[in-house]
Amino acid sequence: MLQRPRGETVVGYWTRVLAQFPTVQALAAAPRQSVLKAWEGLGYYSRDRNLQKCAQVFAEEYNGIFPADVEALRKLPGIGDYTAGAVGSIAFGIRTPAVDGNVERVVSRLRGIREDVGIPSIKRQLRAEAAALVPEDRPGDFNQAMMELGARICQPAPRCAGCPGSALCAACPS
């Protein structure tokens with residue numbers, strides 16, 4: 001729900017969806033129209049379809065329990081590398097990167113990678129660089145910090161003066 005809309009916007013939707021579908025099993029069994037109606041106005045309707053498909057897989061194959069394995073997470077409907085990394089590291093403490101656009105920007109600047117991040121080989125390089133940075137201890141906290149760093153400080157117009165990583169950054173004009 002949070003890919004594009006602001007957090008304040010999503011709170012109402014999240015509360016409504018959880019009230020209507022309080023368990024994975026309830027979401028999995030819900031009529032398609034009910035899920036669509038609960039999501040209505042948020043946009044990105046493939047996401048609500050994938051959320052329900054994912055809930056159906058959980059209910060049928062995992063007894064309603066999230067798999068604590070990044071590869072298993074990646075195989076679920078609607079879950080790609082970023083979501084698998086975020087869930088794996090935050091929920092299960094797995095040492096894996098969660099690379100969104102903010103993290104791509106942070107890592108490319110830290111490592112001095114100037115090529116277009118839209119190029120598949122550069123994306124793979126950034127993911128490998130991000131993976132190398134993730135510590136064994138508290139990987140979820142690290143990934144959340146990297147996402148926040150990109151969202152709040154290392155923005156498209158960076159605020160290097162307030163960055164805790166400026167001394168390590170190849171792009172910082174120190």
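See the structure printed just above.
Not measured: the values here are computed from a predicted model. All chains use their own residue numbering, which begins from 1 and follows the written sequence. In view of the model being predicted, local features appear only for residues whose pLDDT reaches at least 70, and side-chain atom pairs are presented and counted only at 80 or more, with totals across whole chains, interfaces and linings using the full set of residues. The side-chain figures draw on all heavy atoms in the structure; neither hydrogens nor water molecules are used.

Topic: the packing of helix 6 (residues 81–92) against helix 9 (residues 139–152)
Helix axes are fitted to C-alpha atoms over the stretch in contact, other axes to C-alpha atoms as well, and angles between N-to-C directions run from 0 to 180 degrees. Only DSSP runs of H or I with at least four residues qualify as helices, and only runs of E with at least two residues qualify as strands; both kinds are numbered from the N terminus onward. Running from N to C, helix 6 and helix 9 point in directions that differ by 130 degrees, and their axes come no closer than 7 Å. Relative to helix 9, the element helix 6 is oriented oblique. Crossing of helix 6 over helix 9 shows left-handed handedness. Within the contact between the two elements, helix 6 uses Tyr-82, Gly-85, Ser-89 and Ile-90 and helix 9 uses Pro-139, Gly-140, Asn-143, Gln-144 and Met-147. Three categories are distinguished: nonpolar for Ala, Val, Leu, Ile, Met, Phe, Trp, Tyr, Cys and Pro, charged for Asp, Glu, Lys and Arg, and polar for the others, with Gly belonging to the last. Here the residues of the contact of helix 6 with helix 9 sort into 4 nonpolar, 5 polar and no charged. Should an angle lie under 35 degrees it is considered roughly parallel, over 145 roughly antiparallel, and from 65 to 115 roughly perpendicular; all remaining angles are considered oblique. Less than a right angle of anticlockwise turn of the near helix away from the far helix marks a crossing as left-handed, whereas a clockwise turn marks it as right-handed. Here a residue-residue contact requires only that any non-hydrogen atoms of the pair lie within 4.5 Å.

So, the pattern of salt bridges
Any Lys or Arg side-chain nitrogen found within 4 Å of a carboxyl oxygen on Asp or Glu counts as a salt bridge. All told, the structure shown has 9 salt bridges when counted by the stated rule. Arg-74 is the partner of Asp-81 in a salt bridge, and the nearest nitrogen-oxygen pair spans 2.6 Å. Each member of the salt-bridge network shares a partner with another, and the members are Glu-71, Arg-74 and Asp-81.

Description of the environment of Phe-58
Of note, Phe-58 is situated in helix 4 (residues 45–61). With a 1.4 Å probe rolled over the protein chains alone, any residue whose accessible area is under 20% of its type maximum counts as buried; one over 50% counts as exposed, and the rest are partly exposed. For Phe-58, a relative accessible area of 5% corresponds to the buried category. For Phe-58 and Val-24, which are 34 residues apart along the polypeptide, the C-alpha to C-alpha distance reads 7.2 Å. With residues up to four places along the chain from it excluded, the contact list for Phe-58 reads Val-24, Asn-63, Gly-64, Ile-65, Phe-66, Pro-67 and Leu-76.

Remarks on the packing of aromatic side chains
Here the aromatic set is Phe, Tyr and Trp, taking the six-membered ring for Trp, and pairing holds for ring centres within 6.5 Å; pairs whose planes are under 30 degrees apart are stacked, those over 60 apart are edge-to-face, and all others are tilted. All told, the structure shown has 2 aromatic pairs when counted by the stated rule. With a centroid separation of 6.4 Å and 75 degrees between ring planes, the pair formed by Phe-58 and Tyr-62 is classed as edge-to-face. Taken together, a centroid distance of 4.4 Å and an interplanar angle of 50 degrees make the contact between Phe-58 and Phe-66 tilted. Relative accessible area serves as the criterion here: at 34%, Phe-66 is assigned to the partly exposed category. The ring of Tyr-13 carries Arg-16 above its face, with NZ or CZ at 4.8 Å from the centroid. In this scheme, Lys NZ or Arg CZ marks a charge over a ring once it lies within 6 Å of the ring centre and within 35 degrees of the ring normal.

Topic: the side chain of Arg-105
Here Arg-105 is to be found in helix 7 (residues 101–111). Although Arg-105 is buried, it forms no salt bridge, and the closest oppositely charged side chain is Asp-100 at an N-O distance of 7.3 Å. If we ignore the near neighbours within four places in the chain, the residues touching Arg-105 are Gly-150, Cys-154, Gln-155 and Pro-156. All tallies of charge rest on Lys and Arg as positive and Asp and Glu as negative; His and the ends of each chain are not included.

Brief notes about the packing of helix 1 (residues 7–20) against helix 3 (residues 32–39)
When two helices pack together, their arrangement is captured by the angle between the axes and the distance separating the axes. In contact at an axis separation of 9 Å, helix 1 and helix 3 are set at 155 degrees when each is read in the N-to-C sense. When the axis of helix 1 is compared with that of helix 3, the two are roughly antiparallel. In this structure, helix 1 crosses over helix 3, and the sense of that crossing is right-handed. Taken together, the residues of helix 3 that come into contact with helix 1 (itself represented by Tyr-13, Arg-16, Val-17 and Gln-20) are Ser-34, Ala-38 and Trp-39.

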